[in-house]
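Commentary on secondary and tertiary structure
In case you want the letters, here they are:
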Amino acid sequence: MPSITVTTRQGDPTQTVADTRVVGLFEGEALAEERLQALVESGEAKGKLEKVAVTHEEAPGGALRRVIVAGLGKRDELSAEKARTAAAGVAERAGALGARSLSWAVPEFDGVAAGLVEGTLLKLYKFDRYKSKSEDDEDSPPEVESLELVSERIPEGIDLQGEAERARIVTTAQNAARDLQNTPANVATPTFLADRARELAEEHESLTLETFDREGIRSLGMGAFSSVAQGTYEEPQLIVLRYAGAAGGGSHLGFVGKAVTFDTGGISIKPAAKMQEMKFDMSGGAAVLEAMGAIATLAVPVQITAVVPSTENMPSGRSVKPGDIVTAMNGKTIEVNNTDAEGRLLLADALAYAVDQGCERIVDLATLTGAIIVALGATHAGLFSNDDDWYGEVEGACSTTGEIGWRLPLHPEYFELTKGKYADLTNASEQRKAMSIYAAEFLRQFVDDRPWVHVDIAGVAWGMTRKYVGNGASGWGVRMLVELAQKAGSKR
Ligand code: BES
Ligand code: MN
Ligand code: ZN
């Protein structure tokens, strides 16, 4: 997808060269421009969030220019999240009308400008590289190429340009994660993800890449990860991307992302219906990799080791079988009683590796359990933690970015479910109870009591109902991880 230019300007919003200008309207308020206020009075333009009205005016030079009046809700309730939603509604309508350039008059300054950039760029995201283009395709209007944020008066202490640029960088990374998610599993293999990580490392001096192939993973003692990978011809990869920001204190963070490029379930095979969605089972890894790119671009002063275990989960003559016992990197033995509970197997080794690498605070993102969709739907990710402070930071980053999460408990009684009959642990309990929590308790056995938050993104990685991401791949986690890194970096 060609990238959209984002600029900012201090000055008169009506003096824009854009073909479409956008004026926000608050509920119960009037618009300063008489012509537009007439639309409000006639009831055509409404202040309710997501309402959009379109009119035209003569631009300098005589050309016709589009004006969109966008409802923003109540002024004192405007937030970055509402700005994302409003901007998405505008982007959708403007795009359908063939707009190529948008100019938004910034209505408020409390993170709203960033929200406008995010909502616009996320909504305009498309994944159509596998569709043939026909020359006379009337269904595809020209694409929006630029977004301007303009304000007559920028309050002191507000860096509008900086805020817009940061939002552009982070959103571009999020859209890149969506590209990785959407790319079919015959292309987006573990090697493909490793190549993408290599590209990022070549782009940024602060990023260094190390990868381990099948033999390397085995040599590290990762018996759990290896057991998932043994069933596929596709070379697995342990992708380790290290970010060294400007020196200083602050703890060494570990970002871990599940990247099963296709999850058939293995010998415990999944039903055929919707199995194609399992190309998205690498969403955690995609978010982690692209967030690292954005963090490097923003030169956040922090140290991060990203660990992305990647493989297919396939049934074959050499697949791991129910009942097989494997040994993870930290020496714990695991009965693999359901080969479809593969995520926790590769994460077990990846988490142990992050601990081994000296990560002091760890967060993992994984499309881990179907049960989290039952519990939380496609609105909140599931959060699980062994440390209230670190949890507070992750939850804070979730709330700030709109990638929201909800905490579920851990408890020794749940841990009982993870005990194996013939080995230390089992990856699938026979009881259909608290399946998402049970998975988290399993992962907890591999973090060596380091502060850790597990984020189950099975419900939000795709199929969200949030206006600005639509219901396809969401890139969930990129904004949250960048925010988390920036907060951790500014704390020392
Ligand atoms: N990748 C799936 C989880 C998943 C399911 C994500 C549906 C998104 C939509 C994971 O590997 C899995 O298969 N989990 C099993 C675990 C079970 C076998 C203990 C599940 O949740 O059903
Ligand atoms: Mn599975
Ligand atoms: Zn899976």
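Every value quoted in this text rests on a predicted model; they were computed, and no experiment measured them.

Conventions used here
Residues numbered from 1 in each chain as written. Chains lettered and ligands numbered in written order. Predicted model: local features only at pLDDT ≥ 70, side-chain atom pairs only at ≥ 80, totals over all residues. Heavy atoms only, no water. Pairing = 2+ DSSP bridges. Helix = DSSP H or I, 4+ residues; strand = E, 2+ residues; numbered from the N terminus. Axes fitted to C-alpha atoms, helices over the stretch in contact; angles between N-to-C directions. Parallel < 35°, antiparallel > 145°, perpendicular 65-115°, else oblique. Left-handed = near helix turned anticlockwise from the far one by under 90°. Contact = heavy atoms within 4.5 Å. Nonpolar A, V, L, I, M, F, W, Y, C, P; charged D, E, K, R; others polar. Donors = N, O, S within 2.8 Å, 3.2 Å for Na, K, Ca; no water. Tetrahedral: all angles 85-135°; square planar, octahedral: opposite > 155°, others 65-115°. Buried < 20%, exposed > 50% of the residue type's maximum accessible area, 1.4 Å probe, protein only. Near = heavy atom within 4 Å. Polar contact = N/O pair within 3.5 Å; in protein donor to acceptor, adjacent residues only side chain to side chain. Core = buried A, V, L, I, M, F, W, Y, C linked by side-chain atoms within 4.5 Å. Domains from an automatic or database assignment. Buried area = accessible area lost by both parts, 1.4 Å probe. Salt bridge = Lys/Arg side-chain N within 4 Å of Asp/Glu carboxyl O. Expected span 1.5 Å × (residues − 1).

Before going further, it helps to spend a moment on the sheet that holds strand E17 (residues 425-426). Taken together, 3 strands build an open sheet; the order of strands is E12-E13-E17 and the sheet is mixed. Looking along the sheet, the strands with just one partner apiece sit at the ends: strand E12 (324-327) and E17. The pairing of E12 with strand E13 (residues 333-336) spans 4 bridges and is classified as antiparallel. Of the residues in E13, the one forming a bridge with Val-326 is Ile-334.

As a further point, take the packing of helix H2 (residues 80-96) against helix H3 (residues 112-123). Close contact between H2 and H3 brings their axes to 7 Å; oriented N to C, the two are set at 40°. Judged on the interaxial angle alone, H3 and H2 are oblique. Where H2 crosses over H3, the two elements pack in a sense that is right-handed. Across the interface between the two elements, Ala-80, Ala-83, Arg-84, Ala-87, Ala-88, Ala-91 and Glu-92 of H2 pack against Val-112, Gly-115, Leu-116, Glu-118, Gly-119, Thr-120 and Lys-123 of H3. Each residue belonging to the contact of H2 with H3 can be placed in one class, and the counts come to 7 nonpolar, 3 polar and 4 charged.

We now examine the coordination of the zinc ion (ligand 3). Within the protein, the zinc ion (ligand 3) binds to Lys-258 (NZ), Asp-263 (OD), Asp-281 (OD) and Glu-342 (OE); these donor distances fall in the range 2.0 to 2.4 Å. One way to put it: the 6 donor atoms around the zinc ion (ligand 3) meet at angles of 77 to 172°, and that makes the site octahedral. Between consecutive donors of the zinc ion (ligand 3), the numbers of intervening residues give the motif K-x4-D-x17-D-x60-E. In this model, the zinc ion (ligand 3) sits 3.2 Å from the manganese ion (ligand 2), the two metals being bridged by Asp-263. Residue Lys-258 is located in the loop between strand E9 (252-257) and strand E10 (259-263), and its partner Glu-342 is located in the loop between E13 and helix H9 (343-356); the two are separated by 84 residues in the primary sequence. For Lys-258, a relative accessible area of 1% gives the class buried.

Close to ligand 1 lie 17 residues; Lys-270, Asp-281, Asp-340, Glu-342 and Gly-370 are nearest. With respect to ligand 1, the side chain of Lys-270 contributes an N or O atom lying 2.9 Å from an oxygen atom. Contacts to ligand 1 include Glu-342, whose side-chain N or O atom sits 2.8 Å from an oxygen atom. Looking at the shell around ligand 1, its residues break down into 6 nonpolar, 4 polar and 7 charged.

For the manganese ion (ligand 2), the full set of protein donor atoms is Asp-263 (OD), Asp-340 (O), Asp-340 (OD) and Glu-342 (OE), at a range of 2.0 to 2.2 Å. Coordination at the manganese ion (ligand 2) comes from 6 donor atoms whose angles at the metal span 71 to 167°, giving a geometry best classed as irregular. Donor residues for the manganese ion (ligand 2) sit on one chain with the sequence pattern D-x76-D-x1-E. Residue Asp-263 is classed as buried on the basis of its relative accessible area, which comes to 3%. On the basis of relative accessibility, which here comes to 1%, the residue Glu-342 falls in the buried class.

This paragraph deals with the nonpolar core. Phe-255, Val-363, Val-455, Trp-476 and Met-480 are the most contacted members of the largest nonpolar core, which totals 66 residues. The biggest single contributor to this core is helix H8 (residues 283-297), with 9 residues. With residues up to four places along the chain from it excluded, the contact list for Phe-255 reads Val-288, Met-292, Ile-295, Ile-304, Thr-305, Ala-306, Val-307, Val-363, Leu-481, Leu-484 and Ala-485.

Further remarks concern the domain arrangement of the protein chain. Assigned domains within the protein chain: domain 1 (5-150) and domain 2 (171-490). Distance between the C-alpha centres of domain 1 and domain 2: 36 Å. The partner domain 2 presents 17 residues to the 16 residues of domain 1 that form the contact. It is Arg-84, Leu-122 and Tyr-125 in domain 1 that bury the most area against domain 2; as a group they hold 40% of the surface buried on that side. Lys-467 is the partner of Glu-50 in a salt bridge, and the nearest nitrogen-oxygen pair spans 3.8 Å. Looking at the side of domain 1 that touches domain 2, the elements that each hand over two or more residues are H2 and H3. At 6 residues, H2 tops the list of elements feeding residues into the side of domain 1 that touches domain 2.

Glancing now at the sheet that holds strand E5 (residues 101-105). Through backbone hydrogen bonds, the strands of a sheet pair up, either in parallel or in antiparallel fashion. Overall, mixed pairing links the 6 strands, which are arranged E1-E6-E5-E2-E4-E3 in an open sheet. Lying at the two open borders of the sheet, with one neighbouring strand each, are strand E1 (5-10) and strand E3 (52-58). Going from strand to strand, the sheet's axes swing by 25° on average, the running direction of each strand aside. When strand E2 (residues 20-25) meets strand E4 (residues 64-71), the two strands line up parallel, connected through 6 bridges. Within E4, the residue paired with Thr-20 across the bridge is Arg-66. Sitting on the sheet, helix H1 (residues 34-41) is in contact with E2, E3 and E4, with an inclination near 150° to E3.

This brings us to the environment of Ser-251. Along the chain, Ser-251 falls in the loop between strand E8 (237-244) and E9. The class for Ser-251 is buried, based on a relative accessible area of 17%. On a C-alpha basis, the gap between Ser-251 and Ile-304 in space is 8.8 Å, while along the polypeptide they are 53 residues apart. Other than its neighbours up to four places away in sequence, Ser-251 contacts Gln-303, Glu-360 and Arg-361. Reaching out from Ser-251, the side chain makes a polar contact with the side chain of Arg-361 at a distance of 2.8 Å.

Let us now look at H9. With 14 residues, H9 extends 20 Å from end C-alpha to end C-alpha; this agrees with the ideal 20 Å at 1.5 Å per step. Of all 14 residues in H9, 13 are buried; the element is thus mostly enclosed. At the exit of H9 stands Gly-358, carrying a positive phi of roughly 90°.

This part takes up the packing of helix H4 (residues 160-182) against helix H14 (residues 478-491). Packing of H4 against H14 leaves a shortest axis separation of 9 Å and a crossing angle of 135°. On the basis of the axis angle, H4 is oblique to H14. Here Arg-166, Val-170, Ala-173, Gln-174 and Ala-177 of H4 come into contact with H14, specifically with Val-478, Arg-479, Val-482, Glu-483 and Gln-486. When grouped by side-chain class, the residues that make up the contact of H4 with H14 number 5 nonpolar, 2 polar and 3 charged.

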